[in-house]
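Per-entry structural report
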Amino acid sequence: MERLDGRATWQVSRAHLRAHSLLQELFADAGARAYHYRLLAALDEAGAVSQAELGRVTGLDRSDVSVALSALEKDALIMRAAHPTDRRQNLVSLTARGRDELLRLDAVVEQAQTDFLAPLTADERGVFLDMITRLGREPAGS
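Residues numbered from 1 in each chain as written. Predicted model: local features only at pLDDT ≥ 70, side-chain atom pairs only at ≥ 80, totals over all residues. Heavy atoms only, no water.

In the nomenclature of an unreviewed UniProt entry, the protein is known as MarR family transcriptional regulator of Microbacterium sp. A8/3-1.

Dropping the structure here:
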């Protein structure tokens, strides 16, 4: 479709669909879900945080976080404990098993990166990542 081929928004949308499909397929093959990986990665970076904060950090809806955390807790990948100063909140943290799962899933994500960026040279990959990162940020003053 010539009219759309020269449109950056169209090409980014197509690339997004390809990346999303690739990640979903690789996560499914690994018996995992992208939400779970996102939550485990956030917990690894942030340490013990409230469920609400975890939702904010990951950009996931509160109900999606709750459902995903229940599954992760069932598999002993995370644990919840009472907040020491706020009884209304629980702190969520990774277990040792959760860290192991995160490392396993890091390999899945790395494979997705390799597959997705395969059409680009090593130099192009760095430039692409820089540009797409800038495009994904809110413009200054917004």
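1. Describing the pattern of salt bridges
The full count for this structure, using the stated rule, is 4 salt bridges. The partner of Glu-73 in a salt bridge is Arg-80, with the nearest N and O atoms 3.2 Å apart. Look at Glu-73 and you get partly exposed, because its relative accessible area is 34%. Judged by relative accessible area, which is 24%, Arg-80 ranks as partly exposed. In this structure, Asp-130 engages Arg-134 in a salt bridge whose closest nitrogen and oxygen atoms are separated by 2.8 Å. Of this pair, Asp-130 and Arg-134 are both found in helix H7 (residues 122-136), 4 residues apart, which corresponds to roughly one turn of the helix. (Salt bridge = Lys/Arg side-chain N within 4 Å of Asp/Glu carboxyl O. Buried < 20%, exposed > 50% of the residue type's maximum accessible area, 1.4 Å probe, protein only. Helix = DSSP H or I, 4+ residues; strand = E, 2+ residues; numbered from the N terminus.)

2. Some words on the environment of Gly-6
Tracing the sequence through the fold places Gly-6 in the loop between helix H1 (2-5) and helix H2 (8-29). A C-alpha to C-alpha distance of 16 Å links Gly-6 and His-16, two positions 10 residues apart in sequence.

3. Focus on the layout of surface pockets
One number sums up the size of the largest pocket: a volume of about 870 Å³. Taken together, 25 residues make up the lining of the largest pocket; nearest its centre are His-16, Ala-19, Leu-23, Gln-113 and Phe-116. Elements with a minimum of two residues in the lining of the largest pocket: H2, helix H3 (34-46), helix H6 (96-116) and H7. Per-element tally for the lining of the largest pocket: the top contributor is H2, with 10 residues. (1 Å grid on protein atoms, 1.4 Å probe; cavity = no way out; pocket = protein on both sides within 12 Å on 5 of 7 lines; lining within 4 Å. Points joined across faces, edges and corners; volume = space filled by probe spheres on them.)

4. Concerning H2
Spacing of three or four residues puts side chains on the same side of an α-helix, whose turn is 3.6 residues. For H2, spanning 22 residues, the distance from its first C-alpha to its last is 31 Å, which sits close to the expected 32 Å at 1.5 Å a residue. Where H2 is buried, its residues touch H3 and H6. Positive backbone phi, approximately 70 degrees, marks Gly-31, located one or two places after H2. (Expected span 1.5 Å × (residues − 1). Contact = heavy atoms within 4.5 Å.)

5. Details of the pairing of strand E3 (residues 90-94)
Most of E3 is tucked away: 4 of the 5 residues are buried. Looking at chain direction, strand E1 (residues 49-50) and E3 are connected through 2 bridges and run antiparallel. Counterpart to Ser-50 in the pairing with E3 is Leu-91. Pairing geometry for strand E2 (residues 78-82) and E3, over 5 bridges, is antiparallel. By the bridge assignment for E3, Ile-78 is matched with Leu-94. (Pairing = 2+ DSSP bridges.)

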